[in-house]
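Topology and contacts: notes
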Amino acid sequence: AGIVSASMLLPAAASALITLLSSCFQALHQLYYDPDIENKNLAQKWLMQAQVSPQAWQFCWALLSPEKVPEIQYFGANALHTKISRYWSDIPSDQYESLKTQLFSQIACFSSGSKMVLTRLCVALASLALNTMPEAWPGAVAEMVRVFQEEGGGVDGRARCLALLELLTVLPEEFQTSRLPQYRKGQVRGALGCEWGSVCPLLQQLLQRTDSPGAVKARVLRCLSSWVLLDVPLNESESLLHECFSALRDPELFDTAVEAIVNALSQPDSQRYVNTLLKLVPQVLGLQDQLREAVQNGDMETCHGICRITVALGENQTRTLLEQVDHWQSFLALVNMIMFCTGIPGHYPVNETVSSLTLTFWYTLQDEIMSFQVEKRTVYLQVYRPVYFQLVDVLLHKAQFPADQEYASWSSDEKEQFRIYRVDISDTLMYVYEMLGAELLSNLYDKLGRLLTNVEQPASWQHTEALLYGFQSIAETLDVNYSDVIPGLIGLITRISVNNVHLADTVMFTIGALAEWLADHPVMLGNILPLVLHALGNPDLSISSVSTLKKICRECKSDLPPYANNIVAVSQEVLIKQIHKTSQCMWLMQALGFLLSALPVEDILRNLHSLITPYIQQLEKLTNETPNPSNKLAIIHILGLLSNLFTTLDISKQDDDSADSSAPPVKTAPLPPGPNPVVVVLQQVFALIQNLLSKWLNDSQVVEAVCAIFEKSVKTLTHDFAPMVSQLSEMLGQMYSTIPQVSALDLTRQMLHIFSIEPEHFPPIKALFELVTSVTLSIFQQGPRDHPDIVDSFMQLQAQALKRKPDLFLSDSLDVKAVYHCGLLSLKFPEAPTVKSTCFFFTELLAHCSDVPPLARVVQEDGKLLIQAVLEGIGGGAPRSLMDQFAEVLFSLNKHCFALLGVWLKEALQPPGFPSARVTTEQKNNFSQQILRERVNKSRVKEIVKEFTLLCRGLHGTEYAAEY
């Protein structure tokens, strides 16, 4: 691919170039000026193809002619960069020099022209330098400096200087984003490191010259900022950093100076240069007057910049500076400066945006102190514990809401940013608690007590709320049950005059955070519950009040019977009034489920009757209406309420968190006589649900909501659900036969898991399993590609059946061979979850070959087809993320079908080009032998498969492989 200019072309080629240029101009005009978005898109597509075409070498120079408008020149410069950076191998080595010369020439021409074109040309030359250094272009940077320092070309010195600085700035930036291979990146980084010696004196000279214009100094700082990202030694840029600190006094240079200093201090290698860091600490401390002045003047940009510098030094060099014991006072002064930034006056994010930058520093400092050996840590804690107590005061002050009127004027975005900021403060307080321990809770309690008992000077709600928020932050995630201040805190909470929704919210969340403590101290429930039930009626406190009631009902249910009638009555009232949104209504039902679980059965049934009857009546009415979108939402809402109630209503002893667990809980306590209350209710409404389904069977969301009621009940009740197995199995079979849906398959799997091993329930479960299998097999015959979700769930069902009750596969009514072949088809699906489920099915199937004859027969006959499908996936037919699952299948084959596996592997790998044209016969044989050797070590089989798949995909030894 020759790099030629238009003047060097033959007449025919010149004519073709003129036509191509004309098309370029037309497309560019269309891109920039045509109002039709479709035309713009077409033009952009054409131009992108044009700039990667072989002809781009010819037209890009023509597009750069001086008489062209900047948009056209920019496209030419960009095309040059694209060709050099992405198609470097197209350029013959004997043309490197001429290309370099042309680029130098163009940069000189544009040094007084369009800035955006100049930048693209500099990036193009930078890309050329990265591809040629150090072998083909040694001393590239030194040559750049020399070329631009030479007089001539009719370009004034200032323009040449700015062009050189632009080139030197984009060079490291281009390196960071370049697509160089890993080994080349290391070489080029080393070469650039050696070139710093040519750049540093130039930058220093330009910064120190009194006659250097502001624009030149700004560009120098940008250039330094770019180079320090290459990890240039901190001691070698020390004098330049001192110049940067001086530049902070110049408003025009402030931002670029900040960037350069922060980048230099943030480099991982900088901690090696302790002496330089110690010299920089006084420089940073020297910015305190400028910082205070900026705070007084409301100059948040300056505050932000100085804070970034302070935090960069403190956060990145914490360990290094902490260990300089002779300089402990200067580091403590730096810590106090960061504390000033944390507590900067004003409300985040409206009056200030600085304080949030400092929070990570406090984590880092604490981590470093706590990582020291005990004796050393004790010494540091004497110094820094008081600092962290001060930090708590500062953070709680920053977490305070502004005055009501001011907060009302904030935008929704500002309020959301403030909410996130408070969450960050909460996380920090929780972390700090690990250092300060019980003394922190006592400290907060004393402050809150003084605040609430001071009759002369009543506290603002903001101050009270912030202190409570501190308690909530700690109690929410850490165990405070041992603390002796909690009883007093509960007493104080009941004394708070709640006159603001934010305060009320925090009161609720704090009570919720103390639910476990209340379970150990039930005597306090009588004081707390009225507050929660009162808040339940306020829609503004929906999330906090409902979540708190749910926590109390979950943690304290055995102590709640005396309050049950009141809780149910208030809950019913707010549900009927529709005070809460759907998700909170669901939480409330879960809370009532926990509450009712602790009552005697007759009380549960009585409460269920009063609670559910209005919804059942509404559901009957909705069922008799013609289906439409409005009554669909109401139906799904009611079904959701029932399923959430049944999720947590469990009268037997169990793990309190079973509602959130995917596995069914294990029952230990004997059940009271008679059917479970949930089963009683389900039997009463079963006919209604069947009627509802007959109208809504086409709607997957309604079907899913119906299945959810039974699925949640089965999960919670497990064997107590037994009386309903037969009728539910029959209904599921009818549903699935009419319109197959995933939710029905998932519920079938749940039922099979629990009841297939019980002799009295085996017949209905067997009939259901055979029916859904038969219906799904007919889907496979019609073409399963449109139903990947059904295929996925079906494979999970088959795997569960094999795992739980392999006898199901002894039935003459089950076409085992057809199920096996459905699995082979499913292995080739593009959806990863489906392939995972199918691999699980095959590993279970192979494990039962020895004890289920029909399985043994099908594997013996068609095992080779399974091997072929697995090898196809490994060879590149499936995503690499699935290789562990394919390895599991191979391991299972090796373990259970060893004699046949060797034959199948040999036959399957024999055809040339299978499973990939990239692997040789020798590599295939090696793979086969390695697999056959590993019958015990599953991890090793996974490694062998990963190696082989990389070979098959041509990725072995690449950087992709390193990440894999």
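Residues numbered from 1 in each chain as written. Predicted model: local features only at pLDDT ≥ 70, side-chain atom pairs only at ≥ 80, totals over all residues. Heavy atoms only, no water.

1. Regarding the overall build of the protein chain
For the protein chain, the helix and strand inventory stands at 46 helices and zero strands. Taken over the C-alpha atoms alone, the protein chain extends approximately 105 × 90 × 65 Å along its principal axes. The buried share of the protein chain, reckoned over its 964 residues, is 53%. Put simply, 74% of the contacts in the protein chain that link residues at least 6 apart link residues at least 24 apart. (Helix = DSSP H or I, 4+ residues; strand = E, 2+ residues; numbered from the N terminus. Buried < 20%, exposed > 50% of the residue type's maximum accessible area, 1.4 Å probe, protein only. Contact = heavy atoms within 4.5 Å.)

2. Some points on the domain arrangement of the protein chain
Often, the extent of an interface is quoted as the loss of accessible area upon association of its parts. As assigned here, the protein chain comprises domain 1 (12–90) and domain 2 (94–250). Computed over C-alpha atoms only, the centres of domain 1 and domain 2 are separated by 27 Å. Counting residues at the interface gives 15 residues for domain 1, matched by 19 residues for domain 2. Between domain 1 and domain 2, the buried area comes to about 1600 Å², and carbon and sulfur atoms account for 72% of it. The largest share of the area that domain 1 buries against domain 2 comes from Trp 61, His 81 and Trp 88, three residues that together contribute 41% of it. For the pair domain 1 and domain 2, the number of links is zero salt bridges. (Domains from an automatic or database assignment. Buried area = accessible area lost by both parts, 1.4 Å probe. Salt bridge = Lys/Arg side-chain N within 4 Å of Asp/Glu carboxyl O.)

3. Digging into the packing of helix α36 (residues 742–755) against helix α37 (residues 762–782)
To describe two helices that pack against each other, one gives the angle between their axes and the distance between the axes. With their axes 10 Å apart at the nearest point, α36 and α37 run at an angle of 145° to one another. For the pair α36 and α37, the sense of crossing is left-handed. Contact residues: α36 offers Leu 745, Thr 748, Met 751, Leu 752 and Phe 755, while α37 offers Phe 762, Ile 765, Leu 768, Phe 769 and Val 772. (Axes fitted to C-alpha atoms, helices over the stretch in contact; angles between N-to-C directions. Left-handed = near helix turned anticlockwise from the far one by under 90°.)

4. Remarks on helix α27 (residues 525–536)
Its twelve residues place the ends of α27 16 Å apart at the C-alpha level, agreeing with the 16 Å of an ideal helix rising 1.5 Å per residue. Every buried residue of α27 is listed here: Leu 525, Ile 528, Leu 529, Val 532, Leu 533, Ala 535 and Leu 536. Across the axial projection of α27, the buried residues extend over an arc of 155°, all falling on one side. The inward-facing, buried residues of α27 contact α24 (486–495), α25 (501–513), α26 (515–520), α28 (542–555), α29 (564–576) and α30 (582–597). (Expected span 1.5 Å × (residues − 1). Arc of directions from axis to C-beta.)

5. Some remarks on helix α14 (residues 288–296)
Of all the positions in α14, only Gln 290, Leu 291, Ala 294 and Val 295 are classed as buried. Across the axial projection of α14, the buried residues extend over an arc of 140°, all falling on one side. The outward face of α14, more than 90 degrees from its buried face, is lined by the exposed residues Asp 289 and Gln 296. The inward-facing, buried residues of α14 abut α12 (254–266), α15 (300–316) and α17 (328–342).

6. Considering the nonpolar core
In terms of nonpolar packing, the biggest core is built from 339 residues, with Tyr 384, Ile 552 and Phe 710 touching the most fellow members. Split by domain, this core shows at least three residues from each of two domains, domain 1 (12–90) and domain 2 (94–250). (Core = buried A, V, L, I, M, F, W, Y, C linked by side-chain atoms within 4.5 Å.)

7. So, the UniProt feature "domain: Importin N-terminal" (unreviewed entry) in the protein chain
The positions that UniProt labels "domain: Importin N-terminal" (unreviewed entry) are, in the present scheme, residues 43–109. Secondary structure across residues 43–109 comprises 72% helix and 0% strand; the distance between its end C-alpha atoms is 29 Å. (UniProt positions renumbered as here; feature names shortened; annotations may be inferred.)

8. Some thoughts on the packing of aromatic side chains
The geometry of an aromatic ring pair is captured by the separation of the ring centres together with the interplanar angle, meaning the angle of the planes. In the structure shown here, the tally under the stated rule is 24 aromatic pairs. Note on Phe 841 and Phe 842: the rings are 5.0 Å apart at their centroids and 55° apart in plane angle, and the pair reads as tilted. Summarising the burial analysis for this pair, Phe 841 and Phe 842 share the class buried. Above the face of the Phe 340 ring, Arg 292 is positioned so that its terminal group lies 5.0 Å from the ring centre. The ring of Phe 762 has Lys 805 lying over it, and the distance from NZ or CZ to the ring centre is 5.2 Å. (Phe/Tyr/Trp six-rings, centres within 6.5 Å; stacked < 30°, edge-to-face > 60°. Lys NZ or Arg CZ within 6 Å of the ring centre and 35° of its normal.)

9. Some remarks on the environment of Ser 246
Note on placement: Ser 246 falls in helix α11 (residues 238–247). In the structure, Ser 246 is positioned 37 residues away from Gln 283 in sequence and 9.5 Å away in space, judged by C-alpha atoms.

10. Structural notes on the pattern of salt bridges
In a structure, side chains of opposite charge can pair up when their charged atoms sit close to one another. Scanning the model with the defined rule gives 36 salt bridges in all. In this structure, the salt-bridge partner of Glu 238 is Lys 279, at a minimum N-O distance of 3.1 Å. Linking Glu 238 in helix α11 with Lys 279 in helix α13 (residues 274–285), this pair joins segments that are 41 residues apart in sequence. Close ionic contact of Asp 807 with Lys 805 constitutes a salt bridge, the shortest N to O distance being 3.9 Å. Taken together, the shared-partner salt bridges in this structure form one network comprising Lys 115, Glu 166, Arg 219 and Arg 222.

11. Some points on the environment of Val 485
By the secondary structure assignment, Val 485 is in the loop between α23 (461–477) and α24. Residues Val 485 and Asn 443, spaced 42 residues apart in sequence, show a C-alpha to C-alpha distance of 9.8 Å. Apart from residues no more than four positions distant in its own chain, Val 485 is found in contact with Leu 441, Ser 442, Tyr 445 and Phe 471.

12. A few points about the layout of surface pockets
By volume, the largest pocket amounts to about 570 Å³. Around the largest pocket, the lining is made up of 22 residues, and of these Phe 401, Arg 419, Arg 422, Asp 505 and Phe 509 lie nearest the centre. Taken together, the elements giving at least two residues each to the lining of the largest pocket come down to α21 (412–436), α23 and α25. A total of nine residues in the lining of the largest pocket trace back to one element, the largest contributor, which is α21. Here the residues of the lining of the largest pocket sort into eight nonpolar, six polar and eight charged. Volume-wise, the second largest pocket comes out at about 360 Å³. Lining of the second largest pocket is provided by 17 residues; of these, Ser 85, Arg 86, Asn 131, Arg 179 and Leu 180 occupy positions nearest its centre. Contributing elements (two or more residues each) for the lining of the second largest pocket: α4 (70–86), α6 (115–132), α8 (157–177) and α9 (182–208). Here the lining of the second largest pocket gets four residues from one element, more than from any other, and that element is α4. Taken together, the residues of the lining of the second largest pocket sort by class into five nonpolar, eight polar and four charged. Summarising the domain contributions, the lining of the second largest pocket has at least three residues from each of domain 1 (12–90) and domain 2 (94–250). (1 Å grid on protein atoms, 1.4 Å probe; cavity = no way out; pocket = protein on both sides within 12 Å on 5 of 7 lines; lining within 4 Å. Points joined across faces, edges and corners; volume = space filled by probe spheres on them. Nonpolar A, V, L, I, M, F, W, Y, C, P; charged D, E, K, R; others polar.)

13. Remarks on the packing of helix α32 (residues 629–648) against helix α33 (residues 677–696)
Across the interface, α32 lies against α33 with an axial gap of 13 Å and an inter-helix angle of 155°. Judged by the inter-axis angle, α32 sits roughly antiparallel to α33. Crossing hand, α32 versus α33: left-handed. In this structure, α32 contributes Asn 631, Lys 632, Ile 635, Leu 639 and Phe 646 to the contact, and α33 contributes Val 678, Val 681, Leu 682, Leu 692 and Trp 696. When grouped by side-chain class, the residues that make up the contact of α32 with α33 number eight nonpolar, one polar and one charged. (Parallel < 35°, antiparallel > 145°, perpendicular 65-115°, else oblique.)

14. A look at unusual backbone geometry
Cis geometry is found at the peptide bond from Met 133 to Pro 134, where omega equals -5°. Relative to the assigned elements, Pro 134 resides in the loop between α6 and α7 (140–149). In this structure, Pro 915 follows Phe 914 across a cis peptide bond, with omega equal to 0°. On the secondary structure map, Pro 915 appears in the loop between α43 (898–909) and α44 (921–933). Although it is not a glycine, Gln 578 sits at a positive phi angle of roughly 55°. Relative to the helices and strands, Gln 578 is located in the loop between α29 and α30. For Gln 578, a relative accessible area of 64% translates into the label exposed. One non-glycine residue, Thr 718, adopts positive backbone phi at about 45°.

15. Observations concerning empty space enclosed by the protein
Where empty space is left becomes clear once a probe the size of a water molecule has been rolled over the atoms. All told, the structure shown has one cavity of 30 Å³ or more when counted by the stated rule. Its boundaries defined by the atoms lining it, the largest cavity holds a volume of some 60 Å³. Among the residues forming the lining of the largest cavity, the class breakdown is six nonpolar, two polar and two charged.

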